[in-house]
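# Breakdown of the fold
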There are 2 protein chains.
Amino acid sequence: MASAGGGIAFLGPEGTFTHQAVLEWTARAGTRAPQGGPRALDSVGAVHDAVASGAAARGIVAIESSVEGYVVPSLDGLLGSQEVVAVDEVVLPISFDAFVRPGHGELTEATAHPHGLAQVSRFVAAHRLRPVPASSNGAACRDVTDHQVAFGPRVCGALYGLETLAQGVEDFGGARTRFLVLARRDEAPVLLAAARDALPPATPWRTMVAVTPAVTGPGVLARVTTAFGARGINMTSLMERPLKARANQYVFAVTFDAAPWDPHARALLEDLLAAGDSLKVLGAYPAPPGECALDGVVPAHVPHGSVAAGADQADLARGLLW
Amino acid sequence: MASAGGGIAFLGPEGTFTHQAVLEWTARAGTRAPQGGPRALDSVGAVHDAVASGAAARGIVAIESSVEGYVVPSLDGLLGSQEVVAVDEVVLPISFDAFVRPGHGELTEATAHPHGLAQVSRFVAAHRLRPVPASSNGAACRDVTDHQVAFGPRVCGALYGLETLAQGVEDFGGARTRFLVLARRDEAPVLLAAARDALPPATPWRTMVAVTPAVTGPGVLARVTTAFGARGINMTSLMERPLKARANQYVFAVTFDAAPWDPHARALLEDLLAAGDSLKVLGAYPAPPGECALDGVVPAHVPHGSVAAGADQADLARGLLW
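What you see is a predicted model; the values in this text were computed from it and never measured. (Residues numbered from 1 in each chain as written. Chains lettered and ligands numbered in written order. Predicted model: local features only at pLDDT ≥ 70, side-chain atom pairs only at ≥ 80, totals over all residues. Heavy atoms only, no water.)

Here we come to the overall build of chain A. Scanning chain A for helices and strands turns up 11 helices and 15 strands. Taking all contacts inside chain A whose residues are at least 6 apart in sequence as the whole, residues at least 24 apart take part in 75%. (Helix = DSSP H or I, 4+ residues; strand = E, 2+ residues; numbered from the N terminus. Contact = heavy atoms within 4.5 Å.)

Here is the structure:
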């Protein structure tokens, strides 16, 4: 086995929301955080490789945005990696500040990662700026020109010596991004045991598992989801990813409310194995406080033009095309 | 009602895979294609607006890549639009050529849309090029500098006067992208009826519907998927999208093998309405020939490190962390 390396690898450059997540997780982990500090790398693949080889003790990657959905390269990295697994989670509020260079000229362009640009579209439209995609929000702030407004986390102002034109310019307040803390699969049992020991016994856990059905066709997804229901386990998320270059065939990345070692979760995983599915646990981590209370009636934000029971026949026909 | 405008709106500039999809769909539609030809617009939102207002007769947008998954802005555009619905589909093989300017200098950078760069990562790494994101593959080819290699569909060579450095440089052969053909919701019934009349009676159809549960919590996804199974309707795809700024609450975009007017599909939609779900049909279109035969045993491409029934205890523990 490679000797344990130091530090926490993340997708650089400095000044990204991922960088901010690294700092937040390090503070929260306290004495359980590895020595060595943040280490900016060039790609999600490089972060995985650093963790797999032991060159970094941990890696932190964005996995899901409440606005943009799953981060596909991160999800595919986890699906494809034999050596890396998630052992913790960080949830960060995503708020963008608008930065400019001191002594800037006329401002004609907006720059950020494409996901960032999508989250500040109203500000960009109101100021008639032309969107210019960057490889990251950190890079946008680092490389901002005299005629550009760059968007990124608050830390970028001090980090890159920029002036703050406006704070909190995102289209939707309340957006959040989930980050996963990656470790070597061989070390995960020890790390997870230490995390359990450090938490109150009633702390809820979440598990993310890849389910690849052996046979596709009608009813496969219903069978998988019904298996969860039969064991009384709540799925908090289901994401399908196409098998590379095979149309209409998928692997399901399912997140559920239990630890993989809970007896009912073990029974569920055994049910799926018995049905012929291939399984891989992609991560297990304590569920963040407060999130479990979000279940309930959904009052708003239903897609425009949806119809519900009781709609008249004309609206039903218009909404459903039947 | 706005008078019917002309042409097919798409996300420009010229030279994107979407542009190629427009040309392919126009040729296939023959006399049913609207007059006016392709019209490159600045954003997916502008394409929706042009169709909704009647300024364009149709719009064509990319909706799903076999490599990168769903195109989130296109999906969110459909979810959010009251006036636009998909009435046809185009599936295009995605193959990238590498283009350079005639008389170029030393080649140090690779440029394409971020999705394009992800699909040619081996070529980029092998040639030690620095990735430079562009707003589209067409823009990358149009704006390629003397020290860049641009990646795009074959048509870009002639369109922008570039030399072809290499053909078919994508990481995975066989990648495909699905495009949806958008029309005004008010016109959809007439267009769909004409399409049905022009096709053999046994032609299979697909429907894409947004399902927003009224109540979230344990078992919701199992209930929805079981409803499809109970009516014998195969879901070919399920995508969840977060409700804006509400953590852990989702709308499901489900694609299934039936037309919305088929009796068993109507019964299914009535089941979901009766359960309190809000529904919106996002599109209905003939299923492409050949795709229906892809169901069956999945022999390969299961994520590395997955375990299956019959694995020994050590492998199960390593794969499942239980």
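The structure having been displayed, the exposition proceeds.
Attention shifts here to the pairing of strand β15 (residues 278-286) of chain A. Residue and element names in this part refer to chain A. Of all 9 residues that make up β15, 9 are buried, and the element is covered over most of its length. Relative to β15, strand β12 (residues 205-212) runs antiparallel, the two sharing 8 bridges. Bridge pairing links M208 to G283 in β15. (Buried < 20%, exposed > 50% of the residue type's maximum accessible area, 1.4 Å probe, protein only. Pairing = 2+ DSSP bridges.)

Residue and element names in this part refer to chain A. With mixed pairing, the 5 strands of this open sheet are ordered in space as β8-β7-β9-β6-β10. Strands with a single pairing partner mark the edges of an open sheet, and in this sheet they are β8 (130-133) and β10 (163-166). Between one strand axis and the next, the sheet turns through 35° on average, direction left out of account. One ladder, built from 3 bridges, connects strand β6 (residues 97-100) with β10; its direction is antiparallel. The residue bridging F99 from the neighbouring strand is T164, located in β10. (Axes fitted to C-alpha atoms, helices over the stretch in contact; angles between N-to-C directions.)

Next up on the list: the environment of E24 of chain B. Residues and elements named next belong to chain B. Among the structural elements, E24 can be located in helix α1 (residues 17-29). Look at E24 and you get partly exposed, because its relative accessible area is 37%. As for E24 and L92, which are separated by 68 residues in sequence, their C-alpha atoms are 8.7 Å apart. In this view, E24 contacts V90, V91 and L92; residues no more than four positions away in its chain are not counted.

It is worth spelling out the pairing of strand β12 (residues 205-212) of chain B at this point. Residues and elements named next belong to chain B. With 8 of 8 residues buried, β12 is to be regarded as a mostly interior element. Across the two faces of β12 the burial is the same, with W205, T207, V209 and V211 and R206, M208, A210 and T212 all buried. One ladder, built from 5 bridges, connects β12 with strand β14 (residues 250-256); its direction is antiparallel. In the strand pairing of β14, M208 is matched with T255.

Moving on, we get to the sheet that holds strand β10 (residues 163-166) of chain B. Residue and element names in this part refer to chain B. Spatially, 5 strands are ordered β8-β7-β9-β6-β10 in an open sheet, and the strand pairing comes out mixed. The open sheet has two edge strands with one neighbour each: β8 (130-133) and β10. Strand-to-strand, the axes of this sheet are offset by a mean angle of 35°, without reference to chain direction. Two elements, strand β7 (residues 109-112) and strand β9 (residues 148-152), share 3 bridges in a ladder whose sense is parallel. Opposite A110, over in β9, you have V149 as the bridge partner.

As a further point, take the nonpolar core. F151, F228 and L320 of chain A together with F151, F228 and L320 of chain B are the most contacted members of the largest nonpolar core, which totals 134 residues. Those residues within four positions of F151 of chain B in sequence are excluded, and the remaining contacts are F96, D97, A98, A110, T111, A112, V120, F123, V124, N137, C141 and V169 of chain B. (Core = buried A, V, L, I, M, F, W, Y, C linked by side-chain atoms within 4.5 Å.)

Glancing now at the UniProt feature "site: Essential for prephenate dehydratase activity" (unreviewed entry) in chain A. All names here are of chain A. Sequence positions flagged by UniProt for "site: Essential for prephenate dehydratase activity" (unreviewed entry) are, in local numbering, T177. Its place among the elements puts T177 in strand β11 (residues 176-184). A relative accessible area of 10% places T177 in the buried class. When sequence neighbours within four positions are dropped, the list of residues in contact with T177 reads A62, E64, S65, V90, V91, L92 and I94. (UniProt positions renumbered as here; feature names shortened; annotations may be inferred.)

On to helix α8 (residues 188-198) of chain B, then. Residue and element names in this part refer to chain B. If you check which residues of α8 are buried, you get A188, L192 and A195. Along the axis of α8, the buried residues cluster in a sector spanning 60°; they form a single face. Residues of α8 that are exposed and angled more than 90 degrees away from the buried face: V190 and D197. As for α8, its buried residues are in contact with β5 (84-93), β11 (176-184), β12 and β15 (278-286). (Arc of directions from axis to C-beta.)

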